[in-house]
Each structure stands twice: as C-alpha cells, then as structure tokens.
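# Observations on the three-dimensional arrangement
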Amino acid sequence: MEEIKIQRATTLKPKPDFKTLGFGKVFSDHMFLMNYTAGQGWHDPRIVPYGPFTLEPSAMVFHYAQEVFEGLKAYRTADGRIQLFRPIDNARRLNDSCERLCIPAIDENLFVEAVKTLVAVDREWVPDQPGTSLYIRPFIIATDASLGVHASHTYLFCIITGPVGAYYAEGINPVRIYVEDDDVRAVKGGTGYTKCGGNYAASIRAGERAEKQGYAQVLWLDGVHRKYIEEVGSMNVMFKVGGKIITPQLTGSVLPGITRRSCLELLRDWGYAVEERLITAQELFDAADSGKLEEAWGTGTAAVISPIGEMGWEGRHVVVNGGEIGSLTHKLYDTLVGIQWGTEPDPYGWTIRL
Ligand SMILES: *Cc1c(COP(=O)(O)O)cnc(C)c1O
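Residues numbered from 1 in each chain as written. Predicted model: local features only at pLDDT ≥ 70, side-chain atom pairs only at ≥ 80, totals over all residues. Heavy atoms only, no water.

Going by an unreviewed UniProt entry, the protein chain carries the name branched-chain-amino-acid transaminase and comes from Intestinimonas massiliensis. The annotation that UniProt attaches to the protein chain under Sequence similarities (unreviewed entry) is "Belongs to the class-IV pyridoxal-phosphate-dependent aminotransferase family." Here is the UniProt Cofactor (unreviewed entry) comment for the protein chain, exactly as written: "pyridoxal 5'-phosphate". (UniProt positions renumbered as here; feature names shortened; annotations may be inferred.)

Right under this line is the structure:
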C-alpha cells in the first residue's frame, strides 16, 4: 500500500458553532486526493488543504456522469475519542459501484486508511454536540479531456469531510411519504444498486413534486412493473406487518444500504422473522387498511432511522401507527445510534476507533 503523504494547511479555517450545524455546507481544512492513470494505476495518495481543483471543461464527468460516491460518518464518543461505522463496507460498495461504471477499483484497505488518516488530520472538526458527526464524502470522477463516449483513462478519487448537525434537532418525528407513479429512480440492468450521481439526477423531479404536495419523501416503485416498493427517498425501507419484518429484496435496482444490513442483522438477532422479498404498493396499503401494518421506517447513514407516519398513493391515504414512531422503530434507532456514538456496547465489531 502506497504511503499517504500529508501536506497540512498553513492557515486553518474558523470552525462553525457545533450547536447550529446544518448538512453539507461546511467543509474541514483538508481533503484526500489520489489519481488514476491508465498503465500506472492508482497513485499519489495524499492529503492536501481543502480547496477547488481545476478541470478541463471537456472532462468526461461533466458530460457523461462517469462518477461514483460514498457516504459515511465519524462519531465523537463521550470520552472524546473518534470512531467509524463499518467503513470497509463502504469501500466494498464503492468498488461495486466502480465495476458498474467501468471505473478502476481501489484498494479497500487504502480506502479505510485514507478515511482514518484524513479524519485524524481534521480531528478538531469532529463535533462533540449530541447527535452531531463528521460527514465523510468519498467520490471518484472521470477526468479525461474528451467527448468520446467510452471509459475514461484518468480518474480522481477525492474525500471531503464536514461537520453535520443532529438529523433530529427537534426530536425524531414521523414523515409523510408518497408513492411516485411516473418517474422511476432505477431499472433492472441500470445503476440502481450503485451510488452514482446519475441516479440522483434522475430522482430530483419526483422529490420536488413530493415537496410541493407536502410530502417529505418519495416512495419509489420498481421501473419495470411499477408496482413493487423499492426505496424511500435515498433510504432503504422496512415495514412491520403482522409481527413480521418485510423489506424489498436487493433486485439490482435497490441500493444495498449499510444501515439496512445492520438493521436486518439486529432484527434477526432479536428473533424477528425477516423477509427480503418483493412487496407491492397494493399489499402495503391493503395491510394498512386492515390494520396489519404496524410500523414503517426508512434506513440510511444520514438519518439512521426515519419513521414513516403517513403514506399516499393514487388518492389513497393511510396513517401508520397513529402517526407516531413505533416501538421497534425506536429500538432500532436507539441501538444503532448507541453503537455509533459509543454509548452502547458493540458486540458486532462494527465500529473502528481511530
Ligand atoms: C446511500 C443510499 C442508501 C442508504 O445507504 P446507507 O449505506 O445505509 O447509508 C439508500 N438508498 C440510496 C439510493 C442511497 O444512495
């Protein structure tokens, strides 16, 4: 593994008030960079001061979106230490995304080492207020100056970080979601299982539509049959129906979330019957009408667990658990948050201390 060179910033930026942090607007003092050149492979892993980089207007990423990214967090524990949650899973998923987008794979151990080293350099940026964390955004872009449609021969791998506020500053509140009938996020054979910018570009319109109608998130249907539930916004989704847990199976158009995987492991350990399978919107709304739908929630790194309180679909409207957060939803949230921030034991070995 090539050594990571560190060039420290000579002037450090003032830190924001950690009590009033938002999401994704403030960035730390440093970033990680590494280049790929065909014939040479990935080279020059380095940490440098955070700042703009120069690209040709013809750089491939601007035109054909050959780009992948990841999202994870560093958490400050009560004793002032810093820990990461399952970072090797992010490395593996990044490489799965790379494979689909014809981007050369990176060394997974180097990925984790780069994240750890960068967070250590900017350790003062890991906030200490309840629920706050340092958001870590690794991404790879195609940099060839060329408009020909083919895989780039050069790439830039970059990691930026920034402190983010507590997702539930006003307490954890169930959200309203609506089933999108027209736009689809992903299709079988497409890039749904990858974290690539293109998926997000295609999802923005439905998100705007949902917001206009007073909904917080979109419940996505599959792109082929337009009847199977896939995800909610940019989260995976789970339901408690008649005591059982059901969640959409990973068909190729569903993103394999690390929070999803962690929840399923916890739920199975707690003795719940968990089914990963196809779930139609019809089944879900019928279960709600007959009183069998007990709880519904989304899972993802940003919110951890996002309870769903109401759902709309083709003029139908259902309320889940009286619009209140369910007890299992709450237990999952408390357990994951406890492990991530180190207030609960981590019997799974999911956390890595810096
Ligand atoms: C990142 C992401 C998720 C959640 O994945 P986590 O690893 O749990 O953060 C779910 N759906 C989509 C579309 C995503 O991009």
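## What to know about the overall build of the protein chain
Per the secondary structure count, the protein chain includes 7 helices and 18 strands. The principal-axis extent of the C-alpha atoms belonging to the protein chain is close to 60 × 50 × 35 Å. Taking the intrachain contacts of the protein chain between residues at least 6 apart in sequence as the baseline, contacts between residues at least 24 apart amount to 72%. With the model as given, the accessible surface of the protein chain reaches about 15,700 Å², and the carbon-plus-sulfur share is 50%. Side chains of the protein chain give 36 positive and 44 negative charges; the mean places of these two sets differ by 1 Å. (Helix = DSSP H or I, 4+ residues; strand = E, 2+ residues; numbered from the N terminus. Contact = heavy atoms within 4.5 Å. Areas by Shrake-Rupley, 256 points an atom, 1.4 Å probe, with all protein chains shown as cover. Lys, Arg positive; Asp, Glu negative; His and termini not counted. Charge placed at Lys NZ, Arg CZ, Asp CG, Glu CD.)

## Here we look at the UniProt feature "modified residue: N6-(pyridoxal phosphate)lysine" (unreviewed entry) in the protein chain
Under the present numbering, the feature "modified residue: N6-(pyridoxal phosphate)lysine" (unreviewed entry) in UniProt falls on Lys 195. Mapping Lys 195 onto the fold places it in the loop between strand E9 (175-179) and helix H4 (197-212). Look at Lys 195 and you get buried, because its relative accessible area is 13%. Not counting the four nearest positions on each side in its chain, Lys 195 is found in contact with Val 68, Phe 69, Glu 70, Gly 71, Arg 93, Ser 97, Tyr 200 and Leu 255. (Buried < 20%, exposed > 50% of the residue type's maximum accessible area, 1.4 Å probe, protein only.)

## A word on the pattern of salt bridges
All told, the structure shown has 20 salt bridges when counted by the stated rule. The partner of Arg 353 in a salt bridge is Asp 79, with the nearest N and O atoms 3.5 Å apart. Here Arg 353, found in strand E18 (residues 351-353), pairs with Asp 79, found in the loop between strand E5 (72-76) and strand E6 (82-85); they are 274 residues apart in sequence, far enough to count as distant. With its nearest N and O atoms 3.1 Å apart, the salt bridge here joins Glu 310 to Arg 176. With Glu 310 in strand E16 (residues 304-313) and Arg 176 in strand E9, this residue pair connects regions lying 134 residues apart in the sequence. Classification of Glu 310 by relative accessible area gives partly exposed; the value is 23%. (Salt bridge = Lys/Arg side-chain N within 4 Å of Asp/Glu carboxyl O.)

## With respect to helix H5 (residues 258-269)
With 12 residues, H5 extends 17 Å from end C-alpha to end C-alpha; this agrees with the ideal 16 Å at 1.5 Å per step. Listed as buried for H5 are Ile 258, Thr 259, Arg 260, Ser 262, Cys 263, Leu 264, Leu 266 and Leu 267. Gly 271 sits one or two positions beyond H5 and adopts a positive phi of about 90°. (Expected span 1.5 Å × (residues − 1).)

## Here's the deal with the site of the ligand
What surrounds the ligand is a group of 14 residues, the closest being Lys 195, Tyr 200, Glu 231, Thr 259 and Thr 301. Note that an oxygen atom of the ligand is positioned 2.8 Å from one of the side-chain N or O atoms of Arg 93. In this structure, Ile 258 approaches the ligand through a main-chain N or O atom, which is 2.8 Å from an oxygen atom. Judged by the fraction of its atoms near the pocket grid, the ligand is located in the largest pocket. In terms of residue class, the shell around the ligand is made up of 4 nonpolar, 6 polar and 4 charged. (Near = heavy atom within 4 Å. Polar contact = N/O pair within 3.5 Å; in protein donor to acceptor, adjacent residues only side chain to side chain. 1 Å grid on protein atoms, 1.4 Å probe; cavity = no way out; pocket = protein on both sides within 12 Å on 5 of 7 lines; lining within 4 Å. Sits in = over half its atoms within 2 Å of the grid points. Nonpolar A, V, L, I, M, F, W, Y, C, P; charged D, E, K, R; others polar.)

## What about the side chain of Asp 29?
Along the chain, the position of Asp 29 falls in the loop between strand E1 (5-6) and strand E2 (30-37). Within the buried set, Asp 29 has no salt-bridge partner at all; the shortest N-O distance to an opposite charge, 4.5 Å, is to Lys 15. In this structure the side chain of Asp 29 is engaged in a polar contact, spanning 2.9 Å, whose partner is the backbone nitrogen of Lys 13. With residues up to four places along the chain from it excluded, the contact list for Asp 29 reads Ala 9, Leu 12, Lys 13, Val 48, Pro 49, Tyr 50, Asp 122 and Trp 125.

## Considerations on empty space enclosed by the protein
Here the structure, examined in full by the defined rule, presents 3 cavities of 30 Å³ or more. Empty space within the largest cavity amounts to approximately 80 Å³. Looking at the largest cavity, the residues that line it are Gly 71, Leu 72, Lys 73, Tyr 75, Phe 85, Asn 90, Ile 258, Thr 259, Thr 301 and Gln 340. Elements with a minimum of two residues in the lining of the largest cavity: E5 and H5. (Points joined across faces, edges and corners; volume = space filled by probe spheres on them.)

## Section: the packing of aromatic side chains
Within the structure shown, the criterion is met by 13 aromatic pairs. Aromatic pair Phe 32 and Phe 157: ring centres 5.7 Å apart, planes at 70°, arrangement edge-to-face. In this pair, Phe 32 sits in strand E2 while Phe 157 sits in strand E8 (residues 154-164), placing the two residues 125 residues apart along the sequence. Exposure remark for Phe 32: the relative accessible area of 0% places this residue in the buried category. A relative accessible area of 1% places Phe 157 in the buried class. Above the plane of the ring of Tyr 215 lies Arg 176, whose end atom (NZ or CZ) is 4.5 Å from the centre. (Phe/Tyr/Trp six-rings, centres within 6.5 Å; stacked < 30°, edge-to-face > 60°. Lys NZ or Arg CZ within 6 Å of the ring centre and 35° of its normal.)

## Things to note about the layout of surface pockets
As a volume, the largest pocket reaches approximately 1,100 Å³. Along its surface, the largest pocket is lined by 41 residues, and Tyr 200, Gly 233, Ser 234, Met 235 and Ala 302 are the ones closest to its centre. Breaking the lining of the largest pocket down by element, the ones donating at least two residues are strand E7 (133-142), H4, strand E10 (217-221), H5 and strand E15 (293-300). Among the elements that line the lining of the largest pocket, the one with the most residues is H4, at 7 residues. Residue composition of the lining of the second largest pocket, by class: 11 nonpolar, 1 polar and 1 charged.

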